[in-house]
Amino acid sequence: MSSPVPPGPETVARKHVPFVPEHMEMKEFTLRAVLLGLLMTVVLGAANAYLGLRAGITIAATYPAAVIAMAAMRAWKGSLLEENIARTAGSIGESVAAGAIFTLPAFLLAKAWPSFRFADAYWKSTALIMVGSILGVLFISLVRRAMVEDPELPFPESLAASEIHKAGQRGAQAAKYLFWNIGVGGVVYILGKFGLFAADTDLHFGVGSLGHTQVRLGSTGNTHVLPTGGTSVFAAPSVSPAYLGVGYIIGVRLASIQFAGSVIAWGLLVPLMIFFLGPQLKAYIPADTPDNWATMADAVWRYIVRPIAVGGMLVGAAYTLFRMRASLTAGIGKAFADLRQTADQQAKLARTERYMSSKAVFSLIAVMFVLMCVLYIKISGLFLPAILAAIVMILVGFFFATVSGNLVGFIGSSNNPISGLTLSTLLIAALLMVALGVSGTSGVAAVLGVAAVVCVSSAVAGELLQDFKVGYILGGTPQKIQAAELIAVVVASLVMYFPLMLLHEGNIRAGGVGFGGADLPAPQAGLMATLAMGIVGHDMPWPLVVVGILFGIAMIMMQVKSPMLVAVGMYLPFGTTFAIFVGGVIRSLGDWAADRRGFNSAQKARVENAGVLVASGLIAGEALLGLVWAGLQFVPQWGAPNHPPQIFSTPSYLIGGMIVLAGLTALMIFLPVTAAGDPNEPAPPTAMM
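Summary of the structure given here.

How each quantity is defined
- Residues numbered from 1 in each chain as written.
- Predicted model: local features only at pLDDT ≥ 70, side-chain atom pairs only at ≥ 80, totals over all residues.
- Heavy atoms only, no water.
- Helix = DSSP H or I, 4+ residues; strand = E, 2+ residues; numbered from the N terminus.
- Buried < 20%, exposed > 50% of the residue type's maximum accessible area, 1.4 Å probe, protein only.
- Areas by Shrake-Rupley, 256 points an atom, 1.4 Å probe, with all protein chains shown as cover.
- Axes fitted to C-alpha atoms, helices over the stretch in contact; angles between N-to-C directions.
- Parallel < 35°, antiparallel > 145°, perpendicular 65-115°, else oblique.
- Contact = heavy atoms within 4.5 Å.
- Nonpolar A, V, L, I, M, F, W, Y, C, P; charged D, E, K, R; others polar.
- 1 Å grid on protein atoms, 1.4 Å probe; cavity = no way out; pocket = protein on both sides within 12 Å on 5 of 7 lines; lining within 4 Å.
- Points joined across faces, edges and corners; volume = space filled by probe spheres on them.
- Phe/Tyr/Trp six-rings, centres within 6.5 Å; stacked < 30°, edge-to-face > 60°.
- Salt bridge = Lys/Arg side-chain N within 4 Å of Asp/Glu carboxyl O.
- Core = buried A, V, L, I, M, F, W, Y, C linked by side-chain atoms within 4.5 Å.
- Expected span 1.5 Å × (residues − 1).
- Patch = residues over 30% accessible without salt bridge, like charges linked within 9 Å, V, L, I, M, F, W, Y side chains within 5 Å.
- Left-handed = near helix turned anticlockwise from the far one by under 90°.

## Remarks on the overall build of the protein
Logical step 1: Along the protein, the regular secondary structure elements total 23 helices and 4 strands.
Logical step 2: Taken across its 689 residues, the protein has 58% of its residues classed as buried.
Logical step 3: Summed over all atoms, the accessible surface of the protein reaches about 26800 Å², with 66% contributed by carbon and sulfur.

Put into structure tokens, the structure is as follows:
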């Protein structure tokens, strides 16, 4: 590694030595490695799109992609650096999916697009995702060297992925935990769809007694009496391998925080509204709401509680960025310092330090800027506001791409607050549109266009920096990593629309409402649409949002670990967060079982790794079969009477659902324990997901 500063004794002593020496020639950028990576980026990206729309959470694909690449390349007698290229290309699809599901449904929810069908949405979706993805690669390429070599950035997930590649045989053996449970997750999901068991059920409970309960508004003897009472509902935990897997991966602490938001929504706010408004509730919800308590309770949550959650999410996003202000400032400073590197210094770089030249990067950024201007003009139908929106996107996009990379260096891409960065961008763009006097659908479309590109750019930038760090540790060539990423993001951009379309249109054909409904709540996209319409379209229920903002401030004062997660829990359906919480409890029970067996730290690390792979497999299995099921809704005969055939006409949740849930619980607790191994074996890297 060369340096613009003459190395002193301490610098030489700490010089980085990659696992594959810089002078060693080894197969790296091969056709099979790239094709395997492209296959993984499509599959893992589609799976995360499903998960994000359903649960509001995406799971980093670095670890599963590393295991799959390890297993495949060992079977093909491939090299270590080929594995790295395959994992690099395979993991980026998750970031493209995150950017897509956080923003694209917002165009439909905000009525900026007439529909999500191919003719109305494909080229717009693809263009937005592709421009954002390519810019994410270019932006982070400008700051890669300074951030990858920063000794103060631990890059936890990068370290774990690189150690998996080094571990060789252990990684290949671990693949069975992933692949077998992809099958389990898919089978459980599809059996629920065929009526073997009920995956969900609502539990009704009285909130007072309609016609009898009353509240005296005043002291004893006051004749001002308010009639109250009604019936509320809450959902039992969904029997979902994906939700349980998410809870297992994030752990009981974070799952509890999110579940607390749902408890506040459905255990406090909804019953409170129903208690006081019971006899008059129909006057405060949409007139077409069916006259039953379950749908009325859902309407209270959707139109009164959710805007409060929006205010909480705004505060949570701002607070997350504020807490990270020191690392953000440092990351931006290092980015501009790295731009001052001379051509002579770049020419002296070793193979492992060579990456795309700054001239090429800036030229491509200029091309992307022109394309963005054209794209925003097409989307919004405006000229000057579209040009200004593109300028804002370039400036804010570079800033937040660097921010994203810095955050990934500290906390990994799984915990990267992309939605918070996107919200900040959306607010800036929305206020700009208002200042320019732009309103209506055109202004909303321009705002969402900026947010979409920045969201995808930031997500891709963080994941790519993580991949650069793995390559730095293993001895990969940055130029080849960049090439693999550019190919992968283009392919992912071309196909990412299709899983979203399948889920949305398939849900509508199955009797749902698509994006924003109970099956596909898409919380981040709903938030983006609400804010864009509220600020630009002057259609924001500000009193409720302000209540949520004050609630978020109160959570900060109470030192709640993640106000954003609480607010997201308020926004998601109760059955979803309940199932995620159950997954977190299962993780704790597994840890307790490992302690009871007296495992040492090395054995516990192997159990943890296997558990994460089991959970990842369950998530991927349900996600993939969920996409297949959505696709089947387009087959004309599929919706015919008695088709698809049902095993039970009235499947049971209490019996069938609970048995399946118990079986999944046992699997997720006891299967990872079998991976404990010999207590004398060295500890593997922990699966930082």
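## Points about the packing of helix α2 (residues 31-55) against helix α22 (residues 601-632)
Logical step 1: Taken N-terminus to C-terminus, the directions of α2 and α22 make an angle of 90°; their axes are 9 Å apart at the nearest point. By the criterion of interaxial angle, the relationship of α2 to α22 is roughly perpendicular. Across from V43, A46, A47, Y50, L51 and R54 in α2, the residues of α22 making contact are I619, A620, E622, A623, L624, G626 and L627.
Logical step 2: For the contact of α2 with α22, the class distribution of residues is 10 nonpolar, 1 polar and 2 charged.

## Focus: empty space enclosed by the protein
Logical step 1: Enumeration over the complete set of coordinates arrives at 3 cavities of 30 Å³ or more.
Logical step 2: Considering the residues around the second largest cavity, the lining is formed by Y248, R587, G590, D591, V607, E608, M668, I669, P672 and V673.
Logical step 3: Elements with a contribution of two residues or more to the lining of the second largest cavity: α21 (574-596), α22 and α23 (653-673).
Logical step 4: Of all the elements, α23 adds the most residues to the lining of the second largest cavity, at 4 residues.
Logical step 5: When its residues are assigned to classes, the lining of the second largest cavity shows 6 nonpolar, 1 polar and 3 charged.

## Overview of the packing of aromatic side chains
Logical step 1: As enumerated under the stated definition, the model contains 19 aromatic pairs in all.
Logical step 2: Pairing F116 with Y497 gives two aromatic rings, centres 5.2 Å apart and planes at 35°, and the pair type is tilted. Of this pair, F116 sits in the loop between α4 (80-109) and α5 (118-148) while Y497 sits in helix α17 (residues 497-509); the two residues are 381 residues apart in sequence, bridging distant segments of the chain.
Logical step 3: Overall, F116 belongs to the buried group, its relative accessible area being 0%.
Logical step 4: The exposure class of Y497 is buried, given its relative accessible area of 1%.
Logical step 5: Note on F259 and F578: the rings are 4.9 Å apart at their centroids and 20° apart in plane angle, and the pair reads as stacked.

## Details of the pattern of salt bridges
Side chains that carry opposite charge are capable of pairing whenever their charged atoms lie near each other.
Logical step 1: The full count for this structure, using the stated rule, is 5 salt bridges.
Logical step 2: One salt bridge in this structure joins R32 and E82, with 3.0 Å as the shortest N-O distance. Here R32 is found in helix α2, whereas its partner E82 is found in helix α4, with 50 residues between them in sequence.
Logical step 3: In this structure R32 comes out as partly exposed when scored by relative accessible area, which is 29%.

## Points about unusual backbone geometry
Logical step 1: Within the chain, K77 stands out as a residue other than glycine whose phi angle is a positive 55°.
Logical step 2: Residue placement: K77 occurs in the loop between α3 (62-75) and α4.
Logical step 3: The residue Q559 is not glycine, and still its phi comes out positive at about 60°.

## Side note on the nonpolar core
Logical step 1: Ranked by size, the top nonpolar core spans 194 residues in total, and within it L128, L135, Y376 and L500 carry the most contacts.
Logical step 2: Broken down by element, this core gets its largest block of residues, 19 residues, from helix α15 (residues 440-474).
Logical step 3: With residues up to four places along the chain from it excluded, the contact list for L135 reads I365, M368, M372, M393, I394, V453 and S457.
Logical step 4: Grouped together as the second largest cluster of nonpolar side chains are 6 residues, V20, L80, L81 and V470 included.

## Considering helix α18 (residues 523-536)
Logical step 1: Over its 14 residues, α18 extends 20 Å from the first C-alpha to the last, a length consistent with the 20 Å expected when each residue adds 1.5 Å.
Logical step 2: By the criterion of burial, α18 is predominantly enclosed, with 12 of the 14 residues buried.
Logical step 3: Just downstream of α18, H538 is the residue with a positive phi angle, here 55°.

## Here we look at a nonpolar patch on the surface
Logical step 1: Among the surface-exposed residues, W542, V546, L550, I553 and M557 lie close enough to one another that they form a single nonpolar patch of about 520 Å² accessible area.
Logical step 2: Looking at the element boundaries, W542 is found in helix α19 (residues 542-557).

## Considerations on the environment of A386
Logical step 1: Checked against the element boundaries, A386 lands in helix α13 (residues 384-411).
Logical step 2: The exposure class of A386 is buried, given its relative accessible area of 0%.
Logical step 3: Spatially, the C-alpha atoms of A386 and A445 are 9.9 Å apart, while their sequence positions differ by 59 residues.
Logical step 4: Those residues within four positions of A386 in sequence are excluded, and the remaining contacts are Y376, I377 and S380.

## Examining the packing of α21 against α23
Geometry of a packed helix pair, given as the angle between the helix axes and the separation of the axes.
Logical step 1: Their axes nearest at 8 Å, the elements α21 and α23 cross at an angle of 40°. When the axis of α21 is compared with that of α23, the two are oblique. Note on packing geometry: the crossing formed by α21 with α23 is right-handed. Here α21 contributes I586, L589, G590 and A593 to the contact with α23, which in turn contributes T665, M668 and I669.
Logical step 2: Broken down by class, the residue content of the contact of α21 with α23 amounts to 5 nonpolar, 2 polar and no charged.

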